[in-house]
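Spelled out, the chains give:
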Amino acid sequence: MSQGIRLAIVGAGATGKAHAAGAQQAGGYKLVAVADLIPDRLAALADAFKIPVATPEAEKVVLDPTIDAVCICLPTHLHAPVAISALKSGKHVVLEMPPAPSSKDAKAIAKAAEKAGRVVMYSCVRRFGAAEQSAKQAIDKGYAGRIYHARATWLRTRGVPRGTGWYADRAQSGGGVIVDLGLPMIDLLMHLMSAKPRSVFSVAHSALAKLPVEEAASVLIKFDNGASAELSVSWALNQPESQAGTVCRLSGDAGAVDVYTPQGPVMYRGFDEKGQSKSTPMKQPKVTGHVALMRHFKECIAGKATAPVGALDGVALMEIAEAIYKSIESGKAVEV
């Protein structure tokens, strides 16, 4: 790897392009191959990043002994077979979220990673956002005190994934909006609150698009440290335009953090008798998003860091998702 980590992109869609750009800007990588079944998309990514090998055959890339690592940006049901093949051939792997259609598939990935002694890192890109990094730093420094409750939403008004049928096929996707938008937000809450879900209670709906998977859902989460969170996500929801978008507000016994505002992340401290406080916008880092993610992946390969969402964390996330679906079916709270 003296000339950089030889990296391949499997899946040349928007996420594949984001990983390629992140690797290029992070430095330390050499983009050597890309695979995709759609000719125009394949050619566009290869041309944009001057990638020498462009092929419709993912297996050809995965088994190439000259490649050190792969970014797998494929439909969820392809994660396990492609990742396991890559790991068996000695490659480090970045995988898009959600991890897999089931915890069973995620466990197979983890087993292959352990046996191969290679890094698996799920693309927890929200953890590497500018606002999220600032919020985490402030919370870890204790500025908000003990975080005991959070409210998070990721609401689209008419944002059902289009152009492919696998999103609405539970066998291929693992679920609907809960795994697509909910799991990344749950992962972010776990990260910011330094806690793990202990039980969940959820309701879900598919009232507008009439999908076979849920298009809107709400989840109440109790964490292992006693903290709680309320999460709402939607692909399709009748709502005021002002409600669409992402919210993440965390309440502590010494202050509060509002992660997503037009001014960036804001800290609230010094509450008076009427609940009024001083708001302080937080300074944000320069290295963010996929650039920060791919820089961290490089450090993991070098043995200088550990994956923030690694192979076993992927198993845990899918077990949380399965507990949420069990709660929807039973109408009761379910332990994780």
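You'll find the structure just up there.
The text that follows walks through the structure, step by step, so that each part is easy to find.

1. Remarks on the sheet that holds strand β10 (residues 228–234)
Phase 1 of the analysis: Pairing is mixed in the open sheet, where 9 strands are placed in the order β14-β13-β12-β11-β7-β10-β9-β8-β15. Where the open sheet ends on each side, the last strands, each with one partner, are β14 (278–281) and β15 (334–335).
Phase 2 of the analysis: As paired strands, strand β11 (residues 245–252) and strand β12 (residues 255–258) are joined by 3 bridges and run antiparallel to one another. Each residue of the ladder has a partner; that of S251, found in β12, is A256.

2. With respect to the pairing of β11
Phase 1 of the analysis: Relative to β11, strand β7 (residues 147–155) runs antiparallel, the two sharing 8 bridges. Among the inter-strand pairings, L155 is bridged to a residue of β11, identified as G245.
Phase 2 of the analysis: Counting the residues that bridge the hairpin from β11 to β12 gives 2 residues.

3. Thoughts on unusual backbone geometry
Phase 1 of the analysis: At the junction of M97 and P98, the peptide bond is cis and its omega measures out at -5° in the coordinates.
Phase 2 of the analysis: Considering the arrangement of structural elements, one finds P98 in the loop between β5 (92–95) and α5 (103–116).
Phase 3 of the analysis: Although it is not a glycine, S194 adopts a positive phi angle of roughly 50°.
Phase 4 of the analysis: When its relative accessible area of 52% is taken as the criterion, S194 is described as exposed.
Phase 5 of the analysis: A positive phi is found at K210, a non-glycine position, where the angle reads about 55°.
Phase 6 of the analysis: With respect to the helices, strands and loops of the structure, K210 is situated in the loop between β8 (197–205) and β9 (216–223).

4. A few points about the packing of aromatic side chains
Phase 1 of the analysis: A complete count under the given rule lists 2 aromatic pairs for this structure.
Phase 2 of the analysis: With 4.1 Å between their ring centres and 20° between their planes, W166 and Y167 make a pair best called stacked.
Phase 3 of the analysis: The class for Y167 is partly exposed, based on a relative accessible area of 24%.
Phase 4 of the analysis: Members of the aromatic cluster, each reached through a chain of ring pairs, are W166, Y167 and W235.
Phase 5 of the analysis: Directly above the aromatic system of W154 lies the positively charged group of R126, at a separation of 4.1 Å from the ring centroid.
Phase 6 of the analysis: Lying over the aromatic face of Y325, R170 brings its terminal NZ or CZ to 4.5 Å of the ring centre.

5. A word on the pattern of salt bridges
Phase 1 of the analysis: Inspection of every chain in the model, using the stated rule, returns 8 salt bridges.
Phase 2 of the analysis: Among the ionic pairs, K136 bridges to D140, the shortest N-O distance being 3.2 Å. Taken together, the residues K136 and D140, both in helix α6 (residues 130–140) and 4 residues apart, mark about one turn of the helix.
Phase 3 of the analysis: Across the pair R249 and D258 runs a salt bridge, and its minimum N-O distance is 3.2 Å.
Phase 4 of the analysis: Given the relative accessible area of 39%, R249 is considered partly exposed.

6. Concerning the side chain of D180
Phase 1 of the analysis: Looking at the secondary structure, you find D180 in helix α8 (residues 177–193).
Phase 2 of the analysis: Although D180 lies buried, it forms no salt bridge, and the closest oppositely charged side chain, R156, sits 4.2 Å away as judged by the N-O distance.
Phase 3 of the analysis: A polar side-chain atom of D180 sits 2.8 Å from a polar atom in the side chain of W235.
Phase 4 of the analysis: For D180, the residues in contact, after removing those within four places along its chain, are R156, P161, Y167 and W235.

7. Examining the packing of helix α1 (residues 14–26) against helix α9 (residues 289–301)
Phase 1 of the analysis: Closest axis-to-axis distance for the α1/α9 pair is 8 Å, and the angle between their directions is 65°. When the axes of α1 and α9 are compared, the pair comes out roughly perpendicular. The handedness of the crossing between α1 and α9 comes out as right-handed. Contact with α1, carried on its side by A18, H19, G22, A23, Q25 and A26, involves H290, V291, L293, M294, R295 and K298 of α9 and no other residues of that element.
Phase 2 of the analysis: Across the contact of α1 with α9, the residue classes tally to 6 nonpolar, 4 polar and 2 charged.

8. Focus: the layout of surface pockets
Phase 1 of the analysis: In this structure, the largest pocket spans a volume of roughly 1,100 Å³.
Phase 2 of the analysis: Lining the largest pocket we find 45 residues, and of these T15, C73, L74, W166 and Y167 sit closest to its centre.
Phase 3 of the analysis: Of all the elements in the fold, those that place two or more residues in the lining of the largest pocket are α1, α4 (79–88) and α8.
Phase 4 of the analysis: For the lining of the largest pocket, the element with the most residues is α8, which contributes 5 residues.

The rules behind these values
- Residues numbered from 1 in each chain as written.
- Predicted model: local features only at pLDDT ≥ 70, side-chain atom pairs only at ≥ 80, totals over all residues.
- Heavy atoms only, no water.
- Pairing = 2+ DSSP bridges.
- Helix = DSSP H or I, 4+ residues; strand = E, 2+ residues; numbered from the N terminus.
- Buried < 20%, exposed > 50% of the residue type's maximum accessible area, 1.4 Å probe, protein only.
- Phe/Tyr/Trp six-rings, centres within 6.5 Å; stacked < 30°, edge-to-face > 60°.
- Lys NZ or Arg CZ within 6 Å of the ring centre and 35° of its normal.
- Salt bridge = Lys/Arg side-chain N within 4 Å of Asp/Glu carboxyl O.
- Lys, Arg positive; Asp, Glu negative; His and termini not counted.
- Polar contact = N/O pair within 3.5 Å; in protein donor to acceptor, adjacent residues only side chain to side chain.
- Contact = heavy atoms within 4.5 Å.
- Axes fitted to C-alpha atoms, helices over the stretch in contact; angles between N-to-C directions.
- Parallel < 35°, antiparallel > 145°, perpendicular 65-115°, else oblique.
- Left-handed = near helix turned anticlockwise from the far one by under 90°.
- Nonpolar A, V, L, I, M, F, W, Y, C, P; charged D, E, K, R; others polar.
- 1 Å grid on protein atoms, 1.4 Å probe; cavity = no way out; pocket = protein on both sides within 12 Å on 5 of 7 lines; lining within 4 Å.
- Points joined across faces, edges and corners; volume = space filled by probe spheres on them.

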